[in-house]
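Working through the structure, step by step
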Amino acid sequence: MSSAETETAEAEQAPEVDTAPEVDTVRQQQLDELSGVLGDAVVGSHIHAGDLWVRVRREDWRRTVEACKGLGYDFFCFLSGLDWMPSAPNPEDAETLSVEPEAEEDEAPAPEPAEGAGEQQHDEATPAGAVATEDTTPETDGDEGGWKTGWGGGETRFQVFARLLSTRRGVGVTLKADLDDDEPRLASIHDVYSGADWHERETWEMFGFVFEGHPHLTHIYLPGEFEGFPLRKDFPLLSREVKPWPGIVDVEDLPPAEEARQDAAIQAAAGEGEQQPEEGG
Amino acid sequence: MAVTTDPQRLAYIATQSADARVNVELQTEEMTLNLGPQHPATHGTLRIVARLDGEQVVWADVVCGYMHRGYEKLTEVRTYPQITTLVNRIDWLSSFANEVPFILAAEKLMEIEAPPRAQYIRTILFEMARIANITLFIGTMGADLGAVTPVFYAFRDREHVLNQIEGVTGGRFHPNFDRIGGLKDDLPRGWIDETKAVMVRIREFCDELEELLMGNDIFQARTRGIGVIPAEVGLSYGLSGANIRGSGVDWDLRRDQDLPLAWKDLDWKVWTHPDGDSFSRFWVRLQETREATKMVDQMVDGLPAGPIQAKVPRIIKVPAGEAWVHTENPLGEMGYYVVSQGGLGPFRCKIRSASFNNISVLPWVLRGVYVPDIITILASLYFILGDIDR
């Protein structure tokens with residue numbers, strides 16, 4: 001598992017050889033090309049398992065997407081949001097995640113796309129939520145406000161990410177940008193890639209990110225009077241609040257004897273399969 | 001005032017005034033037509049609001065979300081093996097094909113690969129799901145255009161494919177058969193011969209439908225040149241699958257990326273059509289069904305021996321990281337962006353479903369078309385409601 005987080009400056013001088021023995025020349029070339037066009041707009045990047053992540057400054061989001069289109073990324077895959085606020089690390093701990101007190105505040109009226117005043121009410125709940133969950137996730141990094149971030153790095157709770165693809169070269173890139181925690185705003189790219197129109201509407205209603213310049217930032221899935229942003233981590237999933245997930249029983253540890261027996265069965269099946277010539281079963 | 005008696009001049013004035021009257025008459029009051037949410041052509045609950053000027057659409061908008069089930073939120077409170085049950089219900093006509101990219105994304109994060117036999121069986125079931133799905137499309141496209149017979153043939157022959165899928169997985173619509181590291185079970189005895197017979201039937205079905213529909217003048221007249229989507233527009237909207245190949249883009253994720261599945265070993269062809277209209281989308285899908293039957297034949301012949309399950313821990317914990325895996329599903333590009341923080345379930349799972357993007361082109365493509373063509377275009381873009389609403 002490579003966890004190499006290379007800032008661009010480092011990436012150019014020394015690709016970390018210990019974690020990635022062979023340098024992915026295709027992705028490296030993609031990255032060089034992009035950083036050549038964007039300059040210091042690129043604040044983080046990551047190459048792993050034949051894929052490329054590039055994180056850019058929020059102000060340069062639109063310019064980045066335009067540059068990508070210019071570089072031949074003609075196919076728009078998706079655009080969505082990420083909320084890095086720690087949730088319960090696994091479903092077992094779902095009941096320990098405290099959401100009760102701030103749940104009320106969280107369901108403040110959805111802000112109009114044009115105004116950002118309503119946003120601040122939401123984020124009053126954020127520090128409380130972060131503190132409450134901190135002790136349930138002791139393995140968080142500690143820096144960056146107490147939560148982990150993904151590949152390409154990140155300094156804020158909210159990130160927007162999009163995937164573009166070049167059908168001519170057969171390569172793709174995942175773009176990311178950090179958003180302001182209190183007022184997640186970003187330039188719209190609906191006129192660069194027409195497909196982003198609906199994706200931005202979805203991201204707005206699910207995460208509350210405001211896309212400036214989008215002509216009709218209205219609900220697409222949820223009813224018009226829906227309040228709150230469901231995919232934010234502090235939005236409670238009510239069915240889990242009422243009753244913990246019964247399916248958790250499924251992943252209890254086996255008794256050691258049973259575990260060994262099953263392992264032996266798998267080994268035997270593997271051995272048997274190799275001897276048998278191809279057969280329907 | 002001089003009165004002209006020149007007959008030529010009189011005729012000219014008469015035509016001019018007739019044109020002017022027609023122009024005035026055409027400027028009718030706009031009306032709004034509400035199509036759906038329960039309309040047979042929407043195959044579920046999709047609503048289209050079209051503003052009409054006479055018979056022509058001047059503006060159209062799509063209202064979706066009647067079936068939104070919030071799968072992206074639900075994935076965050078389930079374990080990896082449990083999520084296949086959810087994703088089965090995204091595109092419910094080819095459920096197995098939904099499971100594969102998700103399992104591949106989890107495997108990519110865990111850095112494991114299914115054994116070759118499992119890869120082959122996965123691809124066989126994937127292609128059979130494609131056949132089951134597109135067979136129905138071929139039938140319903142006819143039904144939407146007023147030809148009733150094809151849909152009966154389609155249901156009749158799809159049944160054989162579903163029986164084969166049920167034979168392996170036990171589920172006709174929701175197999176839930178794919179596992180991290182392999183598959184739940186091997187193929188049952190005698191299945192291969194039955195499958196080969198079914199593939200022959202499906203090829204006959206394709207021939208039959210080709211004669212029934214594509215040779216039909218009405219079908220040609222109602223689909224040729226209707227709903228033309230140029231390649232650049234399609235790419236920009238993120239159209240995928242047969243919709244983009246019907247616009248002449250030679251792009252197929254089965255061929256153009258490296259996945260641990262069997263497509264790379266097979267001899268097959270990606271079909272494209274340069275026209276970009278409703279007919280070409282139909283034509284490409286029909287060819288793809290034929291191609292899929294040939295692929296299944298090749299795969300059952302070359303099925304490698306060996307285990308069907310790699311060694312994985314009983315409690316699956318996926319290491320922290322991010323992975324994006326997309327495959328060429330019957331409806332187009334379907335992908336999962338999985339963010340793991342090392343837990344039993346994903347931290348975030350973005351589901352990219354094909355129909356959502358395929359349908360987002362509707363406001364663009366419906367502008368200026370006539371009312372009956374709305375139905376043709378909807379049918380030819382081919383969407384599944386669960387795949388739009390997730």
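**What to know about the overall build of chain A**
- If you tally the helices and strands in chain A, you get 9 helices and 7 strands.
- Within the span of chain A, comprising 281 residues, buried residues form 52% of the whole.
- Put simply, of all contacts in chain A between residues at least 6 apart along the chain, 65% involve residues at least 24 apart.
- For chain A, the accessible area works out to roughly 12,500 Å², and carbon and sulfur atoms hold 51% of it.

**Quick look at the side chain of Asp-277 of chain B**
Residue and element names in this part refer to chain B.
- Inspection of the secondary structure assignment puts Asp-277 in the loop between helix 10 (242-245) and helix 11 (278-301).
- Buried and unpaired, Asp-277 has no salt bridge, with Arg-224 as the nearest side chain of opposite charge at 5.3 Å.
- A polar contact of 2.7 Å, which involves the side chain of Asp-277, links it to the backbone nitrogen of Gly-225.
- Every residue in contact with Asp-277, bar those within four places of it in the chain, is listed here: Thr-223, Arg-224, Gly-225, Ile-226, Gly-227, Val-228 and Gly-246.

**Focus on the interface of chain A and chain B**
- Taken residue by residue, the interface counts 72 residues in chain A and 61 residues in chain B.
- Interface area for chain A against chain B, summed over the two sides, is near 5,700 Å², with a carbon-plus-sulfur share of 58%.
- Run the count over chain A and chain B and you get 4 salt bridges.
- Between Glu-202 of chain A and Lys-350 of chain B there is a salt bridge, with the nearest N and O atoms lying 3.6 Å from each other.
- The tally of links from chain A across to chain B stands at 19 residue pairs in polar contact (both at pLDDT 80 or more).
- With 9 residues, strand 3 (residues 75-83) of chain A is the single largest residue contributor to the side of chain A that touches chain B.
- Its residues assigned to classes, the side of chain A that touches chain B comprises 34 nonpolar, 18 polar and 20 charged.

**Looking at the pattern of salt bridges**
- Overall, the coordinates contain 44 salt bridges over all chains when judged by the stated rule.
- One salt bridge connects Glu-183 of chain A with Arg-185 of chain A, and the closest N-O pair in it is separated by 2.9 Å.
- Looking at Glu-183 of chain A, the relative accessible area reads 29%, which means it is partly exposed.
- Classification of Arg-185 of chain A as buried rests on a relative accessible area of 17%.
- Residues participating in the shared-partner salt-bridge network are Glu-127, Arg-130, Arg-245, Asp-252, Arg-254, Glu-288 and Glu-328 of chain B.

**A closer look at the sheet that holds strand 4 (residues 158-166) of chain A**
Residues and elements named next belong to chain A.
- One open sheet holds the 5 strands; their spatial order is 1-2-5-4-3, and the pairing between them is mixed. The open sheet has two edge strands, strand 1 (42-48) and strand 3, and neither has a second partner. Strand-to-strand twist of the sheet, defined as the mean angle between neighbouring strand axes without regard to direction, takes the value 20°.

**Side note on the packing of helix 7 (residues 191-214) of chain B against helix 11 of chain B**
All names here are of chain B.
- Two elements in contact, helix 7 and helix 11, have axes whose closest approach is 10 Å; the angle formed by their N-to-C orientations is 160°. Regarding the angle of helix 7 to helix 11, the classification is roughly antiparallel. The crossing of helix 7 and helix 11 is left-handed.
- Among the residues making up the contact of helix 7 with helix 11, the classes are represented as 13 nonpolar, 4 polar and 8 charged.

**Comments concerning unusual backbone geometry**
Residue and element names in this part refer to chain B.
- At Asn-176, a position not held by glycine, the phi torsion is positive, near 50°.
- You can see Asn-176 is positioned in the loop between helix 6 (149-169) and strand 6 (178-179).
- If you check the backbone angles, Tyr-382 has positive phi at about 55° while not being a glycine.

**A closer look at the packing of helix 6 of chain B against helix 7 of chain B**
Residues and elements named next belong to chain B.
- With their axes 10 Å apart at the nearest point, helix 6 and helix 7 run at an angle of 165° to one another. Judged by the inter-axis angle, helix 6 sits roughly antiparallel to helix 7. Of the two possible hands of crossing, helix 6 and helix 7 adopt the one that is left-handed. Of helix 7, the residues touching helix 6 (which contributes Pro-150, Tyr-153, Ala-154, Arg-156, Asp-157, His-160, Val-161, Gln-164 and Val-168) are Trp-191, Glu-194, Thr-195, Val-198, Arg-201, Ile-202, Phe-205, Glu-208, Leu-209, Leu-212 and Leu-213.
- Split by residue class, the contact of helix 6 with helix 7 holds 12 nonpolar, 3 polar and 5 charged.

**Focus: the pairing of strand 9 (residues 332-340) of chain B**
Residues and elements named next belong to chain B.
- Of all 9 residues in strand 9, 9 are buried; the element is thus mostly enclosed.
- Here strand 8 (residues 321-329) pairs with strand 9 via 9 bridges, running antiparallel. Paired with His-326 across the strands is Gly-335, a residue of strand 9.
- Remark: 2 residues form the turn of the hairpin made by strand 8 and strand 9, two consecutive strands paired antiparallel.
- Both strand 9 and strand 10 (residues 348-352) contribute to a ladder of 5 bridges, which runs antiparallel. Residue pairing for strand 10: Gly-335 is matched across the bridge by Arg-352.

**Re the environment of Gly-146 of chain B**
Residues and elements named next belong to chain B.
- When you line up the elements, Gly-146 lands in the loop between helix 5 (116-144) and helix 6.
- Taking the relative accessible area as the measure of exposure, Gly-146 reaches 56% and is therefore exposed.
- Residues Gly-146 and Asp-178, 32 residues apart in the sequence, show an inter-C-alpha distance of 39 Å.

**Thoughts on the environment of Thr-156 of chain A**
Residues and elements named next belong to chain A.
- With respect to the helices and strands, the residue Thr-156 is situated in the loop between helix 6 (125-134) and strand 4.
- What makes Thr-156 buried here is its relative accessible area of 16%.
- Separated by 88 residues in sequence, Thr-156 and Cys-68 place their C-alpha atoms 24 Å apart.
- Of the polar contacts made by the side chain of Thr-156, one reaches the backbone oxygen of Phe-158; its length is 3.0 Å.
- Among the polar contacts made by the side chain of Thr-156, one reaches the main-chain carbonyl oxygen of Leu-179 at a distance of 3.2 Å.

**Considering the confidence of the model for chain A**
Residues and elements named next belong to chain A.
- The share of residues in chain A with pLDDT of 70 or more is 62%, and the mean pLDDT across the chain is 69.
- Within chain A, helix 7 (residues 196-207) carries the highest mean pLDDT (91), whereas helix 6 carries the lowest (34).
- Note on residues 1-20: pLDDT under 50 across the span, and 34 contacts to partners over four residues away in sequence or across chains.
- When the criterion is pLDDT under 50, residues 89-145 qualifies, and its contacts beyond four places in sequence or with other chains add up to 91 contacts.

Each value, and the rule that gives it
Residues numbered from 1 in each chain as written. Chains lettered and ligands numbered in written order. Predicted model: local features only at pLDDT ≥ 70, side-chain atom pairs only at ≥ 80, totals over all residues. Heavy atoms only, no water. Helix = DSSP H or I, 4+ residues; strand = E, 2+ residues; numbered from the N terminus. Buried < 20%, exposed > 50% of the residue type's maximum accessible area, 1.4 Å probe, protein only. Contact = heavy atoms within 4.5 Å. Areas by Shrake-Rupley, 256 points an atom, 1.4 Å probe, with all protein chains shown as cover. Lys, Arg positive; Asp, Glu negative; His and termini not counted. Salt bridge = Lys/Arg side-chain N within 4 Å of Asp/Glu carboxyl O. Polar contact = N/O pair within 3.5 Å; in protein donor to acceptor, adjacent residues only side chain to side chain. Buried area = accessible area lost by both parts, 1.4 Å probe. Nonpolar A, V, L, I, M, F, W, Y, C, P; charged D, E, K, R; others polar. Pairing = 2+ DSSP bridges. Axes fitted to C-alpha atoms, helices over the stretch in contact; angles between N-to-C directions. Parallel < 35°, antiparallel > 145°, perpendicular 65-115°, else oblique. Left-handed = near helix turned anticlockwise from the far one by under 90°. pLDDT = per-residue confidence, 0-100.

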